[in-house]
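Residues per chain are reported as follows:
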Amino acid sequence: MKRYVPLPLLLAAAACADGEGGAEDADTLSEAPWEEIEEAASGAEISMYMWGGDEGINAYMDEVVAPHLEEEYDITFSRQPMDAPEFLSRLMTEREADSMDGSGDILWINGENFRTAKENELLYGSFADMLPNMDYINEEAPYVENDMGTAVEGMQVPWGNVQYAFQFQGAEDPPETMEELLDWAEENPGSMTYPDVSNDTGNGFVRHILHHVAESPEDLAEYDEAWLEENGDDVWETLRELAPHLWREGETYPDSLSQQDQLFADGEVSMTLGFNEHRAESLIEQGTFPEDTETIGLTSGSISSVHYLSMPFNTTEPEAALVAINYMLSPEAQIAKLEPSRWGEGHILDLDAVSSGERDEIEAMVGEEVVPQEDALPELDARYVDWIQDNWEQEVVQQR
Amino acid sequence: MRSILGWSMLLLVFVVPVLFLFLRSITFGWRYPDLFPSDWSMRAWHVIAGDPQILQALLTTMLVGITVVALNLLLGIPAAYALSHGRLKGVVWLETILFLPILVPVLAIAMGLHITMIRLGLADHISGVILIHLLPTLPYTIRVLRSGFDRIAPGWRRLGDTLGAPRITLFVTGLLPMMRPSLRSAAVLAFVISLSQYVLTAIIGGGQVTTLPLLYYPFFDSADQAVIAGFSVVFAALPAVFLLLWESLMAGFTYLLRRT
C-alpha cells in the first residue's frame, strides 16, 4: 500500500489522478460463491478504520483478529486509529474526487455516522447476505434491519451489543431504577453528574430520561414529533429538578466520559455511567477505578446499543474485507471478544444457532447478566439524539 | 547564586513535569488524596511498546519532522533573507501574504487541500503529509529567520564584497554562523509544530502515514491516565532527540568550517 515517491517528482506530475478502475461492486461479488471470494482474498492487505483509544479493544484486534486472518486466509490486517467523523470526512472528499483507490477497507460505525455515510453514498453496498456467518445472528433482532431509525439494508452487519449501565463506589444501597437514581442524587448532593450531551454517553443518559417520561417504550419506537411537543417539557423539567443536586450544583458538566471517569477515579463524584456494562472490569484491573466499584443496570430499563461493521465504497480489497468481517461475526471471534481481560463486550450471536459447547462457553463467560434481557430498551431514533443536542443547553444549562 | 536560582527554575518548569508524567505512567491506582503512590506497574509501557505500529510511527514521525525542518530552512532562508536585505518594494504585503496560512484556520481548508492532494496523487503518501506540514510551519520559520537577518548589519555583506569574497562563501562562512541561534529556534519550532499535527496528518495521510499523535491522541478519550502519561513522556522526548541531532550537526559544520 505504501508508495514513497520523491517529492519534486510528484510536484511536477500535476495531474495524475488515480484511475485504477473501480473495484467490483457488491452486485457482481454477490453472484460469486463464497469459496471463490475466500480464494480471491488470499494474500491481500487490508486496513480497518477504528477508534484506537482503548488498550483492550486494540489488544483484541491485534492479538485475536489479525493473527487469525493471517494464518487462516493469508490476509494482512492492520487497524488505522481514526475516529468516525474523521474517516467520514475523508471518504466524503474521496467521493467528491471520485477516488476509487481508498486506503480503508472496513469501517466501525453505527447510528448517526451510519446515516451520514449511507445518505452520502460512502458505503460499499449491500453485502450482509453474502456472509455465511450471518446464520449465527438472530435475524429477528430489530437491530439487524434498523440502526437508530436508519434502514440497514445489508450495508452494515452487527458486531457487538452493549448495555447502558451505571457504576457506583461506596454506595451502600445503589439505586436500581431511574426513580431511585433521581432520589439518590437528591440524597447525595454533588455525587452525581453526567457528561455534556454532545457526547454520546451524556446523550444516552438523557435518552433514558425520555424513556422514564414515556409511559411505554412503544411511544418512542418511532420518531414522533407530536410526542415531543407534548412531553418534551417533562423531560427538561426532570433534568432541571435534578441539576441542583449534581456535581458543582449542575453549573457545569464534564465534557466527555473520560473526564467523568477521572472525576470518579479521584472520588470527586461517586457515580459514572456509560455503554458497555462490563467496561468497569478492565478499568478496575488497570487500577484506574477503585476496587469497590459496583455496576448496576437499571431494572426500569436500560438502553442497549449495537455497533456495526461496514465497508467503504472505495475499498480496493472487497473480498478480503468480506472474509475479515465474516470471521469477526463467527462464534469463535465473538466469544473471544467477551473475554473481560481484553475487550469484554456483548456478543450478537443467536444462542439457538451456535453449538451447545459454544453456548456453555458464552454462558460461563457472561456470568450473571448485569442487565437481564427483559430490561433492555431499544435504542432511539437518531433524530431524538439531535433533538436532545439542539435543546439541552438552552433548556437545562441556561435555566440555572 | 543567581545561576543556581536560574537553573532550579528551569528544572522546576521543564524537567519536573516530565518526571511527574513518568512517575504517573509507572504507578498503579495512584488516586487523590494519596500523596505518594503505593503500587507500581509497568502496564502502561507494555501497552505502548506492545502497539504493533509504535516503532514505525516513531520512525515516520522523525522522518516527517526532519524533512519538514529541512524544507523549511531551504525555503525559509532565501525568503527571509530577501525580506530582510532584499530592498524589495511592498515588503509589508509580501510578508502578510507569507503569513496568511497561519491566519486562516487550517481545518477550514483541509477538505479542499485533500481534494487537491488526491488529484496530485499525494494523498495517503508520506510526501503529501510532509508537504501539508509546511503549511503551519513555514510562516513561523520565515518570521523567526527574518528577525534574525534583521539583526545582522548590511555592513557585513559590504565588507565581504570589499574583501572580494564570493557571495556563497560570504553566506556560508559569514552569515550562517551568525544566524545560528535563529536557525536553531526556527528548526526546533518547525519540528515541534510538525510533531503535534493530528488532524492534518489524519486527513491527508489517511491512516496510511501513522505518526505518533495518531496513536496517542485517541487515548485522551479514555480514562487511562497511565498510558496517556507514558505517551506524553515519549512525546516530550522527541524534541530533545531532535535538538541533540541538530547540535551535533552544527558542531560538525563548525568543525568543517574551521578546517577549511
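The coordinates are above.
Note that the structure is predicted; figures quoted are calculated from it, not measured.

A separate point is the interface of chain A and chain B. Taken together, the contact pairs 50 residues of chain A with 43 residues of chain B. Carbon and sulfur atoms supply 55% of the area that chain A and chain B bury against each other, a total of about 4,000 Å² over both sides. Counting the contacts that link chain A with chain B gives three salt bridges. In terms of residues, the side of chain A that touches chain B owes the most to one element, helix α5 (residues 84-96) of chain A, which gives six residues. Partitioned by chemical class, the residues of the side of chain A that touches chain B number 20 nonpolar, 14 polar and 16 charged.

Moving on, we come to the pairing of strand β7 (residues 271-275) of chain A. Residues and elements named next belong to chain A. Buried residues dominate β7, accounting for five of its five residues. Every second residue of β7 is oriented toward a common face, with M271, L273 and F275 on one face and T272 and G274 on the other, all of them buried. Direction of pairing for strand β6 (residues 156-168) relative to β7: antiparallel, over a ladder of five bridges. Counterpart to F168 in the pairing with β7 is M271.

We now examine the packing of helix α3 (residues 54-85) of chain B against helix α9 (residues 180-195) of chain B. All names here are of chain B. Running from N to C, α3 and α9 point in directions that differ by 135°, and their axes come no closer than 9 Å. In terms of orientation, α3 lies oblique with respect to α9. Here α3 and α9 pass one another in a crossing that is right-handed. On α9, the residues that touch T61, M62, V64, G65, I66, V68, V69, N72, L73 and I77 of α3 are L183, A187, A190, F191, S194 and L195. Partitioned by chemical class, the residues of the contact of α3 with α9 number 12 nonpolar, four polar and no charged.

Residues and elements named next belong to chain A. Counting 49 residues, the largest nonpolar core has M48, I106 and M328 as the members making the most contacts within it. Sorting elements by how many residues they give to this core places helix α13 (residues 318-329) first, with nine residues. Filtering out sequence-adjacent residues up to four positions away, I106 remains in contact with I46, S47, M48, Y49, F77, L309, S310, P312, A321, A324, I325 and M328. Counting residues in each nonpolar core, the second largest holds 43 residues, with V206, L246, Y384 and W392 among its members.

Conventions used here
- Residues numbered from 1 in each chain as written.
- Chains lettered and ligands numbered in written order.
- Predicted model: local features only at pLDDT ≥ 70, side-chain atom pairs only at ≥ 80, totals over all residues.
- Heavy atoms only, no water.
- Contact = heavy atoms within 4.5 Å.
- Buried area = accessible area lost by both parts, 1.4 Å probe.
- Salt bridge = Lys/Arg side-chain N within 4 Å of Asp/Glu carboxyl O.
- Helix = DSSP H or I, 4+ residues; strand = E, 2+ residues; numbered from the N terminus.
- Nonpolar A, V, L, I, M, F, W, Y, C, P; charged D, E, K, R; others polar.
- Buried < 20%, exposed > 50% of the residue type's maximum accessible area, 1.4 Å probe, protein only.
- Pairing = 2+ DSSP bridges.
- Axes fitted to C-alpha atoms, helices over the stretch in contact; angles between N-to-C directions.
- Parallel < 35°, antiparallel > 145°, perpendicular 65-115°, else oblique.
- Left-handed = near helix turned anticlockwise from the far one by under 90°.
- Core = buried A, V, L, I, M, F, W, Y, C linked by side-chain atoms within 4.5 Å.

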